[in-house]
Amino acid sequence: MTIEAPPRPRSDPPPASLRPAPRPRGQGTVLVTGACGRLGKRVVRLLHRERPVVGVDRRPFPDKPKDVRHEQVDIRRKKLKDIFRSEPIEAVIHLGVMHDPRASQAEHHSWNVAGFQKLLEYVAKFDVPKLVVLSSSNVYGPQPDNAQFLTEDAPLLGGARFGEIRDLIEVDMLAQGFFWKHPGTETVILRPVHILGRVHNAASNFLRLPTIPTLLGFDPMIQVINEADVVRAMRCALAPGKRGIYNVAGPDPLPLSHAIRILRRPSVPVPYSLGKALLKRLWAFRLTTFPAPELDHIRYVCMVDDRRAREELGYRPEVTIEDTVMSVDEA
Amino acid sequence: MAETSRSLARIGGRLRSVAPLARRLFDSAASSVDDWMTSKLGEEFNDRLGRVPLNLTATGVDPFGMDPQWTKYALASVALLHRHYFRTEVSGAENVPSSRVLIIANHSGQIPMDAALIGASLFMDVEPPRFMRAMVEKWTQTLPFVSLLFSRVGQVVGVPENAKHLLTNEEALLVFPEGIRGISKPFSKRYQLADFGLGFMRLAIETRTPIVPVAVIGGEEQYISLGNFDGLAKLLRAPNIPILPQVLLPFGALPLPTRYRISFGEPMRFGGDPDDDDSIIEEKVFVVKATIQSMLHRGLKARKSVFF
């Protein structure tokens with residue numbers, strides 16, 4: 001869990017005379033990992049108008065904007081270092097977290113944790129002034145005794161019932177460790193609520209089902225955020241001087257049933273024990289992408305207090321609740 | 001996945017074809033319930049509903065999930081008991097401030113009817129009318145329907161963060177500092193306050209909230225408890241199981257129609273450091289406890305009959 005503070009050979013970055021003249025703070029190059037994901041593409045499209053952007057992803061970026069440099073690199077490989085060496089990076093946005101529930105635990109861990117550790121090593125070595133890490137408010141986990149609005153110092157219990165989320169928590173903790181060990185880098189950890197939009201995450205996929213199953217007798221309050229608002233929060237986090245952990249929420253919370261009503265889809269209430277047994281079977285036969293422990297998200301509350309993000313980052317959600325929920329159907 | 005969701009869609013389709021009929025039946029039932037409610041509770045009830053200060057979001061519920069529609073029906077049924085079954089006598093209603101307030105009361109009666117009736121009097125007798133908020137046990141959240149109902153009528157999970165949040169939103173929050181020790185008292189210990197918890201005082205000091213002490217008389221006689229089945233309760237992991245001979249009589253499961261007397265005392269304000277030692281906080285808690293105990297003594301002395 002601990003990160004070794006890497007030694008800093010002074011000779012490693014090229015001498016200052018060979019580097020291009022540094023741009024004023026806040027306009028230097030941004031490196032975005034996971035740039036080819038649906039969220040990554042949005043971030044790149046927003047930022048490339050304002051400052052140089054380098055995308056890093058092991059997938060190709062076929063329709064990338066012309067002025068964006070894309071490096072098709074696995075972040076666990078040495079080649080990542082060459083990118084840091086080739087031009088001064090002013091900020092790193094880390095989106096390259098894998099959430100494929102079907103991928104093996106080992107692959108997940110190696111990509112999410114080992115890959116992120118490599119990235120942190122270079123951020124420290126090349127004195128990158130800003131690091132923005134996209135975590136998630138799922139790290140708190142839905143629990144029956146959750147406060148209605150969890151603050152940033154609530155314990156990260158998401159892994160207690162749902163093992164697959166443990167490496168996401170580990171990434172969050174690594175970033176927190178880095179925040180304290182390297183005060184020279186302004187580290188920002190963003191913990192957004194369920195992101196909705198064209199993204200293929202569990203929450204959006206769930207609301208895209210033609211008939212939405214719910215749990216009989218449960219209708220928790222939920223918070224959702226549009227992907228455009230998440231990208232906006234990331235831009236707020238890039239501003240010089242901002243550092244710390246921030247919960248990021250969208251418009252006002254609403255009961256799950258209201259969200260389903262906005263979508264005008266039928267829903268079928270299922271008793272919890274039956275739903276859990278059914279989902280386990282479906283999962284075993286590879287008929288669903290939802291692991292059974294995720295049912296807790298439609299059973300208990302897991303909402304956050306985003307006051308700190310509003311006050312310190314100056315972030316405001318701009319997409320209305322109707323548009324946020326409807327955005328899962330955008331083509 | 002596609003297979004399952006298609007079969008789910010088929011069920012959904014069938015449900016939808018029944019839905020318009022069901023909706024019409026439901027709507028007509030709801031409107032006749034509304035008419036009956038108005039005839040029993042008077043126009044005053046609807047007038048008060050319109051004046052409750054609410055803190056709703058764009059989706060028509062408050063951030064804790066309280067839905068005014070659900071709360072209306074819950075309050076109406078409690079208000080009927082309040083006016084016609086327990087015929088509650090309320091005094092000192094003018095002592096309840098219109099901003100944030102902690103209602104601290106004695107707890108009694110085996111079932112939390114006292115909480116329901118305090119909630120009813122905060123709505124029916126206090127100016128301006130309030131929707132009372134209370135804290136519920138964490139395990140209730142794991143129960144289907146119960147968790148849903150509690151959340152929609154404004155009851156929140158009992159953690160300190162929620163209490164702070166509600167008070168900063170200027171809500172009226174009910175706390176029974178005796179907790180389970182109070183509600184499960186046997187008949188021989190009636191109207192003798194059990195130990196008070198200290199959490200409410202720290203909360204009041206931290207959020208600068210006035211405390212309104214409340215004495216509830218009448219709850220102790222609604223069920224005559226001879227004691228508790230401790231062994232059985234432990235076995236079933238229930239907080240307590242009272243010994244109630246009256247439940248063997250016909251309709252004995254209903255609480256006896258005792259007359260409730262709820263008196264609101266003058267608001268008390270406490271200063272100091274919320275993180276003080278227990279001993280210092282205990283002194284302040286003792287002041288509140290002594291006030292409620294003397295209000296109970298006075299009320300019992302003035303009472304002529306348990307039932308009238």
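Residues numbered from 1 in each chain as written. Chains lettered and ligands numbered in written order. Predicted model: local features only at pLDDT ≥ 70, side-chain atom pairs only at ≥ 80, totals over all residues. Heavy atoms only, no water.

Undergrad: Would you mind going over the overall build of chain A with me for this structure?
TA: The helix and strand inventory of chain A stands at ten helices and 13 strands. Over its C-alpha trace chain A gives a radius of gyration of 20 Å, about what one expects of a compact globule, namely 20 Å for 331 residues. Taken over the C-alpha atoms alone, chain A extends approximately 65 × 40 × 40 Å along its principal axes. The contacts in chain A between residues at least 6 apart in sequence include a share of 75% that link residues at least 24 apart. Carbon and sulfur atoms provide 54% of the accessible area of chain A, an area that totals close to 14300 Å². Across chain A, the centroid of the 48 positively charged side chains sits 4 Å from that of the 38 negatively charged ones. (Helix = DSSP H or I, 4+ residues; strand = E, 2+ residues; numbered from the N terminus. Rg over C-alpha atoms; globule rule 2.2 N^0.38 Å. Contact = heavy atoms within 4.5 Å. Areas by Shrake-Rupley, 256 points an atom, 1.4 Å probe, with all protein chains shown as cover. Lys, Arg positive; Asp, Glu negative; His and termini not counted. Charge placed at Lys NZ, Arg CZ, Asp CG, Glu CD.)

Undergrad: What is the right way to look at the pairing of strand 6 (residues 186-192) of chain A in this model?
TA: Residues in a regular strand project their side chains so that they alternate between the two faces of the sheet. Residues and elements named next belong to chain A. Where burial is concerned, most of strand 6 is hidden: seven out of the seven residues are buried. Bridging between strand 5 (residues 130-134) and strand 6 involves five bridges; their strand directions are parallel. Among the inter-strand pairings, K130 is bridged to a residue of strand 6, identified as E186. Relative to strand 11 (residues 244-248), strand 6 is paired through five bridges, and the arrangement is parallel. For I189, the partnering residue across the bridge sits in strand 11 and is I245. (Buried < 20%, exposed > 50% of the residue type's maximum accessible area, 1.4 Å probe, protein only. Pairing = 2+ DSSP bridges.)

Undergrad: What's the story with the confidence of the model for chain A in this structure? I'm lost.
TA: Low-confidence regions, as indicated by low pLDDT, have predicted coordinates that should not be scrutinised in detail. Averaged over every residue, the pLDDT of chain A is 89; residues scoring 70 or more account for 93%. Taking the mean pLDDT of every element in chain A, the minimum, 90, falls on helix 3 (residues 105-125) of chain A and the maximum, 97, on strand 11 of chain A. (pLDDT = per-residue confidence, 0-100.)

Undergrad: Looking at this structure, I do not really get the sheet that holds strand 6 of chain A. What am I missing?
TA: Across a sheet, paired strands are connected by hydrogen bonds in the backbone, their directions being either parallel or antiparallel. Residues and elements named next belong to chain A. Strand order across the open sheet formed by seven strands is 3-2-1-4-5-6-11, with parallel pairing between neighbours. Lying at the two open borders of the sheet, with one neighbouring strand each, are strand 3 (69-72) and strand 11. For this sheet, the mean inter-axis angle between neighbouring strands, taken without regard to orientation, is 20°. Most of the contacts of helix 2 (residues 79-86) go to strand 3, to which it runs at about 160°, and overall it touches strand 1 (29-33), strand 2 (53-57), strand 3 and strand 4 (89-94). Across the sheet, helix 6 (residues 227-238) lies against strand 4, strand 5, strand 6 and strand 11, angled at about 155° from strand 5, the strand it touches most. (Axes fitted to C-alpha atoms, helices over the stretch in contact; angles between N-to-C directions.)

Undergrad: How do you make sense of the environment of I262(A) when you look at a structure like this?
TA: All names here are of chain A. Looking at where I262 falls in the secondary structure, it is placed in helix 7 (residues 256-263). Spatially, the C-alpha atom of I262 lies 31 Å from that of A237, the residues being 25 residues apart in sequence. Not counting residues up to four positions away in its chain, the partners in contact with I262 are L254, E322, V325 and M326.

Undergrad: It is not clear to me how the sheet that holds strand 7 (residues 261-264) of chain B should be interpreted in this structure. Could you clarify?
TA: Residue and element names in this part refer to chain B. Strands sit in the order 1-7-6-2-5-3-4 across an open sheet of seven strands; the sheet is mixed. Whereas interior strands pair on both sides, the edge strands pair on one side only; in this sheet they are strand 1 (89-91) and strand 4 (155-157). Taking the axes of each pair of neighbouring strands and ignoring which way they run, one obtains an average angle of 25° across the sheet. Here strand 2 (residues 101-105) pairs with strand 6 (residues 211-217) via four bridges, running parallel. Counterpart to I104 in the pairing with strand 6 is P213. On top of the sheet, helix 4 (residues 113-124) reaches strand 1, strand 2, strand 5 (172-175), strand 6 and strand 7; it is set at about 60° to strand 7, its chief contact.

Undergrad: Explain helix 3 of chain A to me, please; I cannot follow it from the model alone.
TA: Along an α-helix, a turn takes 3.6 residues, which lines up residues three or four apart on a common side. All names here are of chain A. Compared with the 30 Å implied by 1.5 Å per residue over 21 residues, the 29 Å span of helix 3 between its first and last C-alpha is a close match. Three or more residues of helix 3 are buried, namely H108, W111, N112, V113, G115, F116, L119, L120, Y122, V123, A124 and K125. Looking at the packing, one finds that the buried side of helix 3 touches strand 1, helix 2, strand 4, strand 5 and helix 4 (166-181). Taken from the residues just after helix 3, D127 is the one with a positive phi, measuring 50°. (Expected span 1.5 Å × (residues − 1).)

Undergrad: Please explain a nonpolar patch on the surface as it appears in this structure.
TA: The grouping of F229(B), L232(B), L235(B) and L236(B) at the surface amounts to a nonpolar patch, some 420 Å² of accessible area in total. Looking at the element boundaries, F229(B) is found in the loop between strand 6 and helix 9 (230-236). (Patch = residues over 30% accessible without salt bridge, like charges linked within 9 Å, V, L, I, M, F, W, Y side chains within 5 Å. Salt bridge = Lys/Arg side-chain N within 4 Å of Asp/Glu carboxyl O.)

Undergrad: Just to check I follow, could you spell out the packing of aromatic side chains for this structure?
TA: Geometry of an aromatic ring pair is reported as the spacing of the ring centres plus the angle between the planes. Residue and element names in this part refer to chain A. One pass over the structure, following the stated rule, counts ten aromatic pairs over all chains. Taken together, F84, Y122 and F126 form an aromatic cluster joined through their ring pairs. The cationic tip of R58 hangs over the ring face of W111; the distance from NZ or CZ to the ring centre is 4.1 Å. Above the ring of Y272, the side-chain terminus of R299 is found at 3.8 Å from the ring centroid. (Phe/Tyr/Trp six-rings, centres within 6.5 Å; stacked < 30°, edge-to-face > 60°. Lys NZ or Arg CZ within 6 Å of the ring centre and 35° of its normal.)

Undergrad: Looking at this structure, I do not really get the interface of chain B and chain A. What am I missing?
TA: Accessible area lost when the parts come together is the quantity often used to give the size of an interface. Every contact between the two is made by 29 residues of chain B and, on the other side, 30 residues of chain A. At the boundary of chain B with chain A, total buried surface from both sides reaches about 2400 Å², with 69% on carbon and sulfur atoms. Counting across the interface, chain B meets chain A through six residue pairs in polar contact (both at pLDDT 80 or more). Mapped by element, the contributors of at least two residues to the side of chain B that touches chain A are helix 1 (2-41), helix 5 (146-152) and helix 6 (160-168) of chain B. Here the side of chain B that touches chain A takes six residues from helix 1 of chain B, the largest share from any one element. (Buried area = accessible area lost by both parts, 1.4 Å probe. Polar contact = N/O pair within 3.5 Å; in protein donor to acceptor, adjacent residues only side chain to side chain.)

Undergrad: Would you mind going over the nonpolar core with me for this structure?
TA: All names here are of chain A. Counting 50 residues, the largest nonpolar core has V32, I93, L190 and M234 as the members making the most contacts within it. Of the residues forming this core, the biggest block, seven residues, is contributed by helix 6. Dropping the residues within four chain positions of it, I93 is found in contact with V30, L31, V32, T33, V43, L47, V132, M234 and L238. (Core = buried A, V, L, I, M, F, W, Y, C linked by side-chain atoms within 4.5 Å.)

Undergrad: Any chance you could explain the packing of helix 8 (residues 199-207) of chain B against helix 10 (residues 278-302) of chain B here in plain terms?
TA: Helix-helix packing is characterised by the crossing angle of the two axes and by the distance between the axes. Residue and element names in this part refer to chain B. Interhelical geometry of helix 8 versus helix 10 gives an angle of 95° and a closest axis separation of 9 Å. On the basis of their axis angle, the class for helix 8 and helix 10 is roughly perpendicular. Two secondary-structure elements touch here, helix 8 through F200, M201, R202 and I205 and helix 10 through D278, I281, K284, V285 and V288. Across the contact of helix 8 with helix 10, the residue classes break down as six nonpolar, no polar and three charged. (Parallel < 35°, antiparallel > 145°, perpendicular 65-115°, else oblique. Nonpolar A, V, L, I, M, F, W, Y, C, P; charged D, E, K, R; others polar.)

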